[in-house]
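# Tertiary structure, described
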Amino acid sequence: MVGGAALVLSTIVPAGALPPAPAVAGASPGPSLALTPVFMVGEEGVLTLAPTLEIVTPAVVNIAVKATVAARPNPLLADPLFRQFFGVPPGAESPRERTVVSAGSGVIVDAARGTILTNHHVIDGAEDITVTLKDRRVLKATLLGSDPGTDIAVLRVKADRLTALHLADSDRAQVGDLTIAIGNPFGLGQTVTTGVISAKGRSGVIPDGYEDFLQTDASINPGNSGGALVNSRGDLVGINTAILSSGGGNVGIGFAIPSNIARAVMEQILKDGTVRRGHLGVSIQTVSPVVAESLGLPRAAGVIIAAVERGSTAEKVGLRTGDVILAVDGRPSETAEVLRRQIGLAQIGDRVRLTVMREGKSFDLQARIGS
């Protein structure tokens, strides 16, 4: 569903000046621009992104989806007098079906297996999925699974000579990092836009979703959905998914699913064919300033437990009503939405470390994620 930033450089970084990109557990081998800066000096001293894009863009694909939808019937056909007067035959008022074709984007993340990440809303209801590579090869794709809660879908194609993007650790991304959005806006063909990460931790885009969006001002328009948001190393930091716009066009506020969330969902789909949500068995609410003051917390952050389900994981590890969960595996649980995402995206059976505050003292608990 789914503006650009003007960049002024005071210095030119020579090729090879950047340190290697950090390794990310579970990431698939693919070309990485770890030793190439995003801007290089081209012919006649012009700063250019072209060398970076030459390596990155073959991993971004166009996705065409065919689906059958019910056509909206003429409301006049529901009137029996109208049908009789105009001689409309019986059954003409019944909904009819029509085939629609829509376009989106995707990113190859495993060249050997032909694994592609895209958005759930790009392939939702698809009967036939076709992937077009940058070299114009057209491939039939198989849907391995999708997750509406994170808007991630995983496809597979069979082909050789594929190019894959390296999955970055999106938790290391910072506001101000340069970003490049690559996709197929409005079905025009592969297009590149640039900007920066404008904000992190955005939510409220997918109702009841598991959100932690990266916000970018790199132009994202209809057809960009499922495309790549890459950092200055050419590594995949996010999957473009949505824009905030009253008119349907880009206004400089786009959202991308962080690569760490995309990786977690992909791993579950590749393993089980579906995504099963983790569960602690607690009712929670975000700590308000009033609650923080009453509990002696330095600031309004964390999640207070309002109730504990009987027989749940939470009860088994000793969590109580009134406990405040501050972090999961050392990562702050600032709000109820954050904790819900941290637990919901963990794989069932995984053990997590909960940092809890009770009666002014903090301690850690080990809990096994339930279903």
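Residues numbered from 1 in each chain as written. Predicted model: local features only at pLDDT ≥ 70, side-chain atom pairs only at ≥ 80, totals over all residues. Heavy atoms only, no water.

### Let's talk about the overall build of the chain
Helix and strand counts for the chain come out as 7 helices and 21 strands. For the chain, with 371 residues in total, the buried portion stands at 47%. As presented, the chain carries roughly 18,300 Å² of accessible surface, and 53% of it is formed by carbon and sulfur atoms. (Helix = DSSP H or I, 4+ residues; strand = E, 2+ residues; numbered from the N terminus. Buried < 20%, exposed > 50% of the residue type's maximum accessible area, 1.4 Å probe, protein only. Areas by Shrake-Rupley, 256 points an atom, 1.4 Å probe, with all protein chains shown as cover.)

### Quick word on the pattern of salt bridges
Between side chains of opposite charge, a pair can form as their charged atoms come close. Throughout the structure, instances matching the rule amount to 12 salt bridges. For the salt bridge of Arg172 with Asp169, the shortest nitrogen-to-oxygen distance reads 3.5 Å. One continuous salt-bridge network, built from bridges that share partners, spans Asp135, Arg137, Asp160 and Arg161. (Salt bridge = Lys/Arg side-chain N within 4 Å of Asp/Glu carboxyl O.)

### Here we look at helix H7 (residues 336–344)
When you tally the buried positions in H7, you get 7 out of 9 residues, the bulk of the element. Of the residues making up H7, those classed as buried are Ala336, Val338, Leu339, Arg341, Gln342, Ile343 and Gly344.

### A word on unusual backbone geometry
The phi torsion at Arg161 lies on the positive side, around 55°, for a residue other than glycine. When you line up the elements, Arg161 lands in the loop between strand E9 (152–156) and strand E10 (178–183). For Arg161, a relative accessible area of 62% corresponds to the exposed category. Phi at Glu359 is positive, roughly 50°, even though this residue is not glycine. Looking at where Glu359 falls in the secondary structure, it is placed in the loop between strand E20 (351–358) and strand E21 (361–368).

### A short note on the pairing of strand E15 (residues 254–258)
Where burial is concerned, most of E15 is hidden: 5 out of the 5 residues are buried. Relative to E15, strand E12 (residues 213–216) is paired through 3 bridges, and the arrangement is antiparallel. Among the inter-strand pairings, Leu214 is bridged to a residue of E15, identified as Ala256. Here strand E14 (residues 236–243) runs beside E15; their pairing, made up of 5 bridges, is antiparallel. (Pairing = 2+ DSSP bridges.)

### Overview of the nonpolar core
In this structure, Leu117, Leu165, Leu236 and Ile239 are the most contacted members of the largest nonpolar core, which totals 30 residues. Looking at this core, the elements with two or more residues in it are helix H1 (50–56), strand E4 (96–110), E9, E10, strand E13 (228–230), E14, E15 and helix H4 (259–272). (Core = buried A, V, L, I, M, F, W, Y, C linked by side-chain atoms within 4.5 Å.)

### Re the environment of Leu139
Inspection of the secondary structure puts Leu139 in strand E7 (residues 138–140). Exposure remark for Leu139: the relative accessible area of 12% places this residue in the buried category. Distance in space between the C-alpha atoms of Leu139 and Ile129 is 8.7 Å, their sequence separation being 10 residues. Sequence-distant contacts of Leu139, that is, excluding residues within four places in its chain, are made with Ile129, Thr130, Val131, Leu133, Val157, Lys158 and Ala159. (Contact = heavy atoms within 4.5 Å.)

### Structural notes on the sheet that holds E13
Around the barrel, 6 strands lie side by side as E10-E11-E12-E15-E14-E13; this closed barrel has antiparallel pairing. The mean inter-strand angle of the sheet, taken between neighbouring strand axes irrespective of direction, is 45°. Each of E14 and E15 touches H4; the most contacted strand, E15, lies at about 50° to it. (Axes fitted to C-alpha atoms, helices over the stretch in contact; angles between N-to-C directions.)

### Some details on the side chain of Arg137
Note on placement: Arg137 falls in the loop between strand E6 (128–132) and E7. At 2.9 Å, the side chain of Arg137 forms a polar contact with the backbone oxygen of Asp160. In contact with Arg137, not counting residues within four places along its chain, are Val131, Thr132, Ala159, Asp160, Arg161 and Leu162. (Polar contact = N/O pair within 3.5 Å; in protein donor to acceptor, adjacent residues only side chain to side chain.)

### So, H4
Since the α-helix packs 3.6 residues into each turn, any two residues three or four apart lie on the same face. The first and last C-alpha atoms of H4 sit 20 Å apart over 14 residues, in line with the 20 Å expected at 1.5 Å per residue. Most of H4 is tucked away, with 10 of its 14 residues classed as buried. Listing the buried residues of H4 in full gives Ser259, Asn260, Ile261, Ala262, Arg263, Ala264, Val265, Met266, Gln268 and Ile269. At the C-terminal side of H4, Gly273 shows a positive phi close to 80°. (Expected span 1.5 Å × (residues − 1).)

### Looking at the side chain of Ser105
Considering the arrangement of structural elements, one finds Ser105 in strand E4. Separated by 2.9 Å, the side chain of Ser105 and the backbone nitrogen of Asn184 make a polar contact. With sequence-adjacent residues up to four places away left out, Ser105 is seen in contact with Val61, Ile63, Thr118, Gly183, Asn184, Gly223, Asn224, Ser225, Gly226 and Gly227.

### With respect to the confidence of the model for the chain
Looking at the chain as a whole, the pLDDT averages 80, with 75% of positions reaching at least 70. Taking the mean pLDDT of every element in the chain, the minimum, 63, falls on helix H2 (residues 80–85) and the maximum, 97, on strand E5 (residues 115–118). Counted against residues more than four places away or in other chains, residues 1–37, with its pLDDT under 50, gives 89 contacts. (pLDDT = per-residue confidence, 0-100.)

### Quick look at the environment of Lys140
Relative to the elements of secondary structure, Lys140 occurs in strand E7. Separated by 11 residues in the primary sequence, Lys140 and Ile129 have C-alpha atoms spaced 6.2 Å apart. One polar contact links Lys140 to Asp128, side chain to side chain, over a distance of 3.1 Å.

### Some thoughts on the environment of Val303
On the secondary structure map, Val303 appears in strand E17 (residues 303–308). Linking Val303 and Glu334, residues 31 residues apart in sequence, is a C-alpha distance of 7.0 Å. If we skip the residues at most four places from it in the chain, Val303 touches Ile284, Gln285, Val287, Asp323, Val324, Ile325, Ser333, Thr335, Ala336 and Leu339.

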